[in-house]
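Examination of the molecular architecture
Below, each chain spelled out in residue letters.
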Amino acid sequence: MTAIDSGQTSGLATLRRGLRLTPEFRRGISGTLLLALVATVGRIVVPVAVQQTLDRGLRPHGGPDIGFIRTAVLVCGAAVIVTAVAAYRMNVRLYRTSESGLAALRVRAFRHVHDLSMLTQSAERRGGLVSRVTTDVDQISQFMQYGGLMIIVAGGQLVMASALMVIYSWPLALLVWAVFAPLAFALRFFQRWLSKAYGAARERVGDMLSAVSESVVGAPVIRAYGAEERTARRIGESVDAYRDAQTHAQRLVALTYPSTELASAIATAAVVVAGTELGIGGHLTTGRLVAFLFLVTLFVSPLQVATEVLNDAQNAIAGWRRVLGVLDATPDVADPGPEGLELPRGAIEVRFDEVSFAYPGGPTVLHGVSADIAPGSRVAVVGETGSGKTTFAKLLTRLMDPSSGRVLIDGVPLTEIRFSSLRERIVMVPQDGFLFDAGLADNIRYGRPAATDEDIVLALTELGLADWLQGLPEGLRTPVGQRGESLSAGERQLVALARAYLADPDLLVLDEATSAVDPATEVRLQRALEGITRGRTAISIAHRLSTAEAAGEVLVFDHGRIVQRGPHAALVEEPGRYAELYASWAAQLDR
Amino acid sequence: MRENVTSDILRKGLRILGVAVRAEPRLFTAAVISSGLYAAMTVGSAWVLGRVTQDVVLPAFRDGHTTAGVLALGSVAIVGVAALKALGIAGRRLYAGMMQYNLQATYRRAVTRQYLRLPLAWHHHHPTGQLLSNANADVEAAWAPIAPLPMATGVVLMLLIAAIEILATDVMVAIVGFLVFPAVAGLNVVYQRRLAPIAARAQQLRADVSEVAHESFDGALVVKTLGREASETERFAGVAGELRDANVAVGRVRGLFDPVLEALPNLGVLAVLLVGSIRMRSGAMSAGDLVHIAYLFTLLAFPIRALGWVLAEVPRSVVGWDRVRGVLDAAGSLPYGETTLDGGGAAHLEVRDVRFAYTGDDVLHDVAFTAEPGRTIAVVGPTGSGKSTLTNLLVRLVDPASGDVLFDGVDVRDVERGGLARTTAVVPQQTYLFDDTVRGNVTLGLDVPDEDVWEALRLAQADGFVSALDGGLSTRVGERGATLSGGQRQRLALARALVRRPRLLVLDDATSSVDPQVEARILNGLRDSEATVVVVAYRKATIEMADEVVYIEHGRVAGQGPHEQLLDGSEGYRNLVTAYERDENEEAVA
């Protein structure tokens with residue numbers, strides 16, 4: 001089985017792979033970078049204007065040269081405006097390309113999750129899969145919009161400011177760098193502490209949310225058992241733990257954030273002292289010295305946001321790595337695609353040829369099972385819990401592939417059939433009837449989107465469920481709630497069955513599909529199914545042996561092998577596993 | 001009209017801030033004082049730089065010499081002011097943060113306490129997702145303006161001092177300042193107002209994207225078995241595209257306003273240079289003054305935006321607060337009486353003409369039956385007939401619209417708080433396990449020795465798999481019991497009921513995921529318990545174990561009595577219970 005990797009590829013490698021997989025990001029990148037260059041030039045306009053005014057406008061004799069200063073200010077003002085326009089254009093382009101790229105990435109990852117095999121999907125926590133197409137991508141988006149932008153702008157600002165410093169006075173430039181360099185170094189450490197503290201807070205928030213959800217989801221149990229105080233205490237503890245983690249992180253922020261202010265003041269003082277000495281020696285003008293004071297302020301904001309940006313960058317890279325992890329996982333039950341075969345319509349013949357199966361890392365649950373199921377036959381699969389009957393159904397519908405052996409449909413290996421054809425022809429109804437948060441009709445229509453309301457009513461009628469439908473307050477419009485939880489477990493199964501029936505498959509596989517339905521309804525359904533599946537192949541996996549009695553043939557599973565097969569009437573007469581199962585079923589019915 | 005709405009929101013926002021300040025007066029004061037220090041020192045640092053330029057740098061350049069003392073004094077002034085400013089920033093961040101976190105914690109506790117207090121009927125009318133977001137996102141939104149609030153108060157102070165300072169320096173330059181900074185502040189308010197609704201929309205769309213992904217992945221098996229991957233992807237691409245557009249819209253606003261807000265103070269500095277130079281010609285200003293004011297403009301450019309941040313959070317805060325208040329003010333409670341249930345042994349249960357409706361039509365109509373102490377009553381009926389609702393009434397999870405439930409002759413509404421929880425136990429159809437240990441899930445805080453826990457597990461046929469777990473009773477079962485199978489979870493829920501030795505035990509189809517053989521052993525074990533048992537069931541073996549059957553159809557009692565008697569007397573009952581055998585017989589005949 002493929003496992004989804006979130007391994008430790010380096011940040012740079014992740015970035016490279018990410019860019020390759022998302023060509024949208026690269027569109028128009030050179031133009032954007034050019035605009036960025038123009039946008040950062042504007043950052044040093046003010047110090048230049050100050051220097052020019054002080055050195056060339058304010059003449060030592062004869063008062064200020066207003067004409068020159070006016071020209072300088074106008075030129076600089078124009079530069080500021082050009083800069084702003086460039087920054088605006090750059091922003092819009094960046095947002096557009098990054099968001100288009102991320103939306104495409106999100107959708108690609110989403111589709112890929114559905115393409116992964118059932119085993120890969122269920123090995124992951126649901127929330128984990130969801131976060132790979134939601135928060136992980138949001139994190140990249142947030143980084144692109146804030147941190148990424150900041151890196152471009154602030155980075156450019158630092159480079160420009162440094163360049164101008166070197167032009168004005170390289171010794172002073174060195175001095176300023178000497179003051180800030182240790183801070184930049186320290187910020188790496190700060191960032192590590194902070195990221196740990198934020199990580200801890202994130203973990204606490206998860207604990208808190210799950211504790212809070214107890215008071216809502218578990219309300220009936222809490223009420224029935226008078227566990228209010230205990231629950232309140234548990235919630236209180238997790239709420240406090242989260243608050244403490246937040247406070248701890250904030251303390252670190254409060255400690256590290258102002259350090260930039262101090263560094264900048266030290267740099268300013270150093271510039272004043274050294275600059276004055278240089279000036280006395282005739283190596284520096286007043287304007288350049290004062291311009292340095294302005295240039296130092298340009299160092300403050302990039303360094304102040306550096307820890308946050310680094311954090312964002314780290315989260316974004318981690319997020320990107322997780323999203324790529326999904327895209328890199330190869331589906332181990334793969335669709336042969338357009339090269340695959342198309343099955344003609346008509347009743348389906350199934351053949352299991354020496355099929356064995358073991359769950360990854362687990363023991364073998366099916367041992368060389370061979371069976372032929374004739375087209376149009378009605379087969380019941382019975383056996384105790386863990387005997388391999390559900391595995392049989394999953395292999396039959398290609399939710400999983402056998403470890404060895406082959407499954408053939410109408411003589412064609414299952415693996416060579418195109419998924420579009422396979423899913424149309426073979427439909428399984430699982431035990432847990434999952435419904436989407438929509439109306440009843442939309443849920444049933446899920447099996448055949450083109451179906452009209454009349455088709456749906458007809459299907460329900462054919463299944464003998466017309467009475468049930470009539471009893472529903474809003475009929476076909478009845479909302480089923482999240483996961484269908486507004487309906488009872490039995491009703492959900494009815495909907496799931498109708499959904500599969502409407503899809504009109506040639507092979508219908510029922511995996512305990514009516515286990516939660518009341519006996520009278522179940523029997524009614526069984527009969528209805530008998531009628532409507534005529535001409536199709538039907539395989540039911542059943543707990544209740546009434547299903548077996550109705551079937552044309554019974555496959556009896558025991559410890560991963562088919563131990564008996566034949567019609568109910570014959571099997572019940574011969575000593576063996578089936579007779580035992582039947583005896584205990586009968587005892588339950590009648591005691 | 002719009003103005004009214006806005007000022008209304010602002011008034012509400014101020015009231016919320018008032019609540020916050022009253023709740024955390026000391027932290028608020030500390031944060032505001034720190035912020036004031038930060039504000040004063042920001043303005044102060046520009047002043048110091050102006051003085052240093054005028055009194056240290058310029059004379060030195062003019063005269064060609066200076067003294068170490070003067071340089072040292074200048075340096076100390078610069079670093080000293082910065083140190084105080086840093087202190088102010090640190091204090092502001094820490095105290096404002098703590099204030100926000102404390103408020104969040106306080107209100108999260110209050111909201112969840114309310115969830116625990118409000119009757120289940122209230123819960124039934126509020127979707128789970130909404131309640132979770134009330135306790136989380138809404139509490140967070142309500143207190144979101146708290147973090148930038150002290151900074152904003154500081155900024156107001158900062159602007160005041162700066163205005164006085166500039167005015168004192170030169171009136172003409174002050175005019176430039178009074179043009180630029182109100183423009184920055186005003187533009188920022190416009191910015192945040194424009195941004196807030198689009199940002200909120202993007203936030204909502206992020207939630208929508210997540211909802212679609214959750215649902216689609218939860219239903220992955222259905223999607224797969226019906227081959228609907230492409231249409232699901234299309235559905236997801238729809239919301240993802242909307243989110244992209246919303247994010248781009250956010251970007252367009254930010255992309256426009258950020259550069260403009262950046263450019264305005266820069267243009268202000270340039271204007272100061274020009275105007276200041278002209279003023280210098282007339283001798284109204286010195287070069288040091290020019291540097292001072294220009295530097296001050298540079299320093300003020302950023303903090304002034306804090307005003308916008310607070311204003312931006314206000315509408316969201318008002319909405320969040322209203323939702324939180326909605327929960328806190330929710331009327332309705334399940335009032336308890338004073339009567340204690342002292343008796344021992346199995347309970348006497350009587351249900352008298354009970355009627356119940358969730359919304360609209362009645363789910364139960366005039367249901368009545370009696371369970372003598374120690375008897376077992378089976379409640380039988382088709383899917384959706386109201387059986388689960390009835391069990392909820394018996395243990396007073398909800399109260400009937402009319403009619404009474406009597407426990408030992410006492411109306412359950414008159415029983416003291418906790419009285420029923422101590423004497424009755426219900427095992428619902430849907431098992432709920434806490435993210436806790438096996439022991440914690442069984443005892444739910446009840447003080448019982450481990451032997452009793454094991455005994456209950458044994459009765460529930462759960463001792464086998466629990467002792468096979470690595471940590472035994474101390475094994476954590478994971479969120480909602482995710483690590484266990486359905487049958488195992490049901491058996492733990494059953495043990496939870498049994499460990500209390502209840503006088504009334506209500507089982508709502510509580511063994512549906514358990515193998516028939518195991519179920520039989522469980523039911524046999526129950527025979528010896530000192531309890532009156534009400535059991536909702538489909539299986540004939542379970543039903544036959546009962547002393548009496550209450551048969552419910554469409555919310556009415558359609559038959560009542562011993563199983564055999566009902567088989568003869570009620571056609572509906574006979575049809576339901578003997579469905580399998582009849583099926584078999586008819587097959588045989590056919």
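Calculation rules
- Residues numbered from 1 in each chain as written.
- Chains lettered and ligands numbered in written order.
- Predicted model: local features only at pLDDT ≥ 70, side-chain atom pairs only at ≥ 80, totals over all residues.
- Heavy atoms only, no water.
- pLDDT = per-residue confidence, 0-100.
- Helix = DSSP H or I, 4+ residues; strand = E, 2+ residues; numbered from the N terminus.
- Core = buried A, V, L, I, M, F, W, Y, C linked by side-chain atoms within 4.5 Å.
- Buried < 20%, exposed > 50% of the residue type's maximum accessible area, 1.4 Å probe, protein only.
- Contact = heavy atoms within 4.5 Å.
- Pairing = 2+ DSSP bridges.
- Buried area = accessible area lost by both parts, 1.4 Å probe.
- Salt bridge = Lys/Arg side-chain N within 4 Å of Asp/Glu carboxyl O.
- Axes fitted to C-alpha atoms, helices over the stretch in contact; angles between N-to-C directions.
- 1 Å grid on protein atoms, 1.4 Å probe; cavity = no way out; pocket = protein on both sides within 12 Å on 5 of 7 lines; lining within 4 Å.
- Points joined across faces, edges and corners; volume = space filled by probe spheres on them.
- Nonpolar A, V, L, I, M, F, W, Y, C, P; charged D, E, K, R; others polar.
- Expected span 1.5 Å × (residues − 1).
- Bend = angle between axes of the 7 residues up to and from the residue.
- Polar contact = N/O pair within 3.5 Å; in protein donor to acceptor, adjacent residues only side chain to side chain.
- Phe/Tyr/Trp six-rings, centres within 6.5 Å; stacked < 30°, edge-to-face > 60°.
- Lys NZ or Arg CZ within 6 Å of the ring centre and 35° of its normal.
- Patch = residues over 30% accessible without salt bridge, like charges linked within 9 Å, V, L, I, M, F, W, Y side chains within 5 Å.
- Areas by Shrake-Rupley, 256 points an atom, 1.4 Å probe, with all protein chains shown as cover.

**Considerations on the confidence of the model for chain B**
For chain B, per-residue confidence averages 87 on the pLDDT scale, and residues scoring 70 or more make up 96% of the total. Of all the helices and strands in chain B, helix α22 (residues 579-589) of chain B carries the lowest mean pLDDT, 64, while helix α3 (residues 68-117) of chain B carries the highest, 94.

**Points about the nonpolar core**
Core analysis: the largest hydrophobic core is formed by 136 residues, its most contacted members being Phe180 of chain A together with Phe236 of chain B. Filtering out sequence-adjacent residues up to four positions away, phenylalanine 180 of chain A remains in contact with Ala263, Ser264, Ala267, Val296, Phe299 and Leu303 of chain A. If you look at the next biggest cluster of nonpolar residues, it comprises 105 residues, including Val354, Val506, Leu523 and Val549 of chain B.

**Some words on the pairing of strand β4 (residues 404-409) of chain A**
All names here are of chain A. Pairing analysis gives five bridges linking strand β1 (residues 350-358) to β4, with the strands arranged antiparallel. Each bridged residue has a counterpart across the sheet, and for phenylalanine 352 the counterpart in β4 is valine 407. The turn linking β4 back onto strand β5 (residues 412-413) is made up of two residues, and aspartate 410 within it adopts a positive phi angle of 50°.

**So, the interface of chain A and chain B**
In this complex, chain A contributes 149 residues to the contact, which on the side of chain B involves 140 residues. At the boundary of chain A with chain B, total buried surface from both sides reaches about 13400 Å², with 67% on carbon and sulfur atoms. Here chain A is connected to chain B by six salt bridges. Residue lysine 85 of chain B pairs with glutamate 261 of chain A through a salt bridge whose shortest N-O separation is 3.1 Å.

**A short note on the sheet that holds β5 of chain A**
Where strands meet in a sheet, backbone hydrogen bonds hold them as pairs that are either parallel or antiparallel. All names here are of chain A. Reading across the sheet, the four strands line up as β2-β1-β4-β5 and stay open at both edges, with antiparallel pairing between neighbours. Looking at strand neighbours, the two that pair on one side only are β2 (364-373) and β5, the edges of this open sheet. Bridge count between β4 and β5: two bridges; the pairing is antiparallel. Counted as the bridge partner of leucine 408 is proline 413 from β5. Helix-sheet contacts for helix α13 (residues 389-396) involve β1, β2 and β4, and the interaxial angle to β1 is about 120°.

**Observations regarding empty space enclosed by the protein**
Residues and elements named next belong to chain A. A complete count under the given rule lists seven cavities of 30 Å³ or more for this structure. Put simply, the largest cavity is a space of about 150 Å³. Considering the residues around the largest cavity, the lining is formed by 14 residues, among which Arg378, Gln526, Leu529, Ala538 and Ser540 are closest to the centre. Listing elements by their share of the lining of the largest cavity, those giving two or more residues are β3 (378-382), β7 (507-511), α19 (519-532), β8 (537-541) and α20 (546-550). Grouping the amino acids of the lining of the largest cavity by side-chain chemistry returns eight nonpolar, four polar and two charged. Quantified by volume, the second largest cavity comes out at close to 130 Å³.

**What to know about helix α7 (residues 171-218) of chain B**
All names here are of chain B. Over its 48 residues, α7 extends 69 Å from the first C-alpha to the last, a length consistent with the 70 Å expected when each residue adds 1.5 Å. Approximately 30° is the largest bend angle found in α7, and it occurs at alanine 196, with the proline proline 197 only one to four residues beyond. One side-chain oxygen of the residue at the start of α7 lies 3.0 Å from the amide nitrogen of methionine 172, identifying that residue as aspartate 170.

**Focus on the packing of aromatic side chains**
Taken as a whole, this structure holds 22 aromatic pairs over all chains when the rule is applied. Note on phenylalanine 392 of chain A and phenylalanine 557 of chain A: the rings are 5.2 Å apart at their centroids and 55° apart in plane angle, and the pair reads as tilted. Taken together, the positions of phenylalanine 392 of chain A in helix α13 and phenylalanine 557 of chain A in strand β9 (residues 553-558) put the pair 165 residues apart, joining distant regions of the chain. Phenylalanine 557 of chain A sits in the buried class, given a relative accessible area of 0%. Clustering of aromatic rings is evident, with ring pairs tying together Phe110 of chain A together with Phe217 and Phe236 of chain B. The aromatic ring of phenylalanine 419 of chain A is capped on one face by arginine 423 of chain A, whose charged end is 5.0 Å from the ring centroid.

**Some thoughts on a nonpolar patch on the surface**
Residue and element names in this part refer to chain B. Among the surface-exposed residues, Leu167, Val171, Met172, Ile175, Phe178 and Leu179 lie close enough to one another that they form a single nonpolar patch of about 570 Å² accessible area. It is α7 that contributes the most residues to the nonpolar patch, five residues altogether. The residue methionine 172 is located in helix α7 in this model.

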